[in-house]
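Here is how the chains run, residue by residue.
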Amino acid sequence: MIGSYRGPHIEVVDCTEPGAADKATLSSFTRRDERHQEAATEAWRKSHRRQTYVGEWHSHPFGRPIPSGTDRRAWQSVVAKLSVPCLFVLVSPAGWHVYRIRPGTTARDMVQLNESENGNTGVIFR
């Protein structure tokens, strides 16, 4: 996901979709397609370095959008590497959930955000 940090808030403005070089199975996804990095770099350049990578999204093909142990470990690794809070979105046939992890915390400290506003300009989660 591509967006910006606005004080304590994270704004998501775009996301990339799986590409031809990515590896997806029923239980895993490996980002390999170069266009993900290209999209983030282009957004960063066009926004005068305000927009950047702010998190990940992926789908679970069945069940509820609950993070697996693999999800939690991967997300914690991302946050530790970047040293900034990140958002993670899970999508499933049952719906979608948004999670936030802050640096210096564990995946057990992950917070599921709740939708607080939904309008024609976007959705706000708290």
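Q: Whenever I open this one, the overall build of the protein chain confuses me. Can you help?
A: In terms of regular secondary structure, the protein chain is built from two helices and 11 strands. Over its C-alpha atoms the protein chain spans a radius of gyration of 14 Å, differing by no more than 12% from the 14 Å that the globule rule assigns to 126 residues. For the C-alpha atoms alone, the extent of the protein chain along its principal axes is close to 40 × 35 × 35 Å. Classification of the 126 residues of the protein chain by burial places 28% in the buried group. With an accessible surface of roughly 8600 Å², the protein chain has 50% of that area assigned to carbon and sulfur atoms.

Q: In this structure, what is going on with helix H2 (residues 69–82)? I would like to understand it.
A: One turn of the α-helix equals 3.6 residues, which is why residues spaced by three or four share an orientation. Between its first and last C-alpha, H2 extends 20 Å over 14 residues, near the 20 Å set by a 1.5 Å rise per residue. Burial in H2 covers these residues: Asp71, Trp75, Val78 and Val79. Relative to the axis of H2, the buried residues are bounded by an arc of 95° and lie together on one face. Along H2, exposed side chains directed more than 90 degrees from the buried face belong to Thr70, Arg73, Ala80 and Lys81. Close packing links the buried residues of H2 with strand E5 (52–53), strand E6 (55–59), strand E7 (86–92) and strand E8 (95–101). Note on H2: the residue one or two positions beyond its end, Ser83, has a positive phi of about 60°.

Q: What is the right way to look at the side chain of Ser92 in this model?
A: Checked against the element boundaries, Ser92 lands in strand E7. A residue is classified by how much of its surface remains accessible, and Ser92, at 10% relative accessible area, is buried. If sequence neighbours within four positions are ignored, Ser92 has contacts with His60, Phe62, Gly63, Arg64 and Pro65.

Q: How should the sheet that holds strand E9 (residues 111–113) be read in this particular structure?
A: Strand order across the open sheet formed by four strands is E6-E7-E8-E9, with mixed pairing between neighbours. Here the strands that pair on one side only, and so sit at the sheet edges, are E6 and E9. Averaged over all neighbouring strand pairs, the angle between strand axes comes to 25°, with direction disregarded. As paired elements, E7 and E8 share seven bridges and run antiparallel to each other. Looking across to E8, one finds that Leu90 is bridged to His97. On the sheet, H2 packs against E6, E7 and E8 and is oriented at approximately 155° with respect to E7.

Q: Would you mind showing me how to read the pattern of salt bridges here?
A: If charged atoms from side chains of opposite charge come close, those side chains can pair. Evaluation of the coordinates by the stated rule reveals six salt bridges. One salt bridge in this structure joins Glu42 and Arg45, with 2.6 Å as the shortest N-O distance. Of the two residues, Glu42 and Arg45 both sit in helix H1 (residues 35–46), three residues apart, roughly one turn of that helix. Its relative accessible area of 32% is what places Glu42 among the partly exposed residues. With a closest N to O distance of 3.4 Å, Glu117 and Arg126 form a salt bridge. With a relative accessible area of 42%, Glu117 lands in the partly exposed category.

Basis of the calculations
Residues numbered from 1 in each chain as written. Predicted model: local features only at pLDDT ≥ 70, side-chain atom pairs only at ≥ 80, totals over all residues. Heavy atoms only, no water. Helix = DSSP H or I, 4+ residues; strand = E, 2+ residues; numbered from the N terminus. Rg over C-alpha atoms; globule rule 2.2 N^0.38 Å. Buried < 20%, exposed > 50% of the residue type's maximum accessible area, 1.4 Å probe, protein only. Areas by Shrake-Rupley, 256 points an atom, 1.4 Å probe, with all protein chains shown as cover. Expected span 1.5 Å × (residues − 1). Arc of directions from axis to C-beta. Contact = heavy atoms within 4.5 Å. Pairing = 2+ DSSP bridges. Axes fitted to C-alpha atoms, helices over the stretch in contact; angles between N-to-C directions. Salt bridge = Lys/Arg side-chain N within 4 Å of Asp/Glu carboxyl O.

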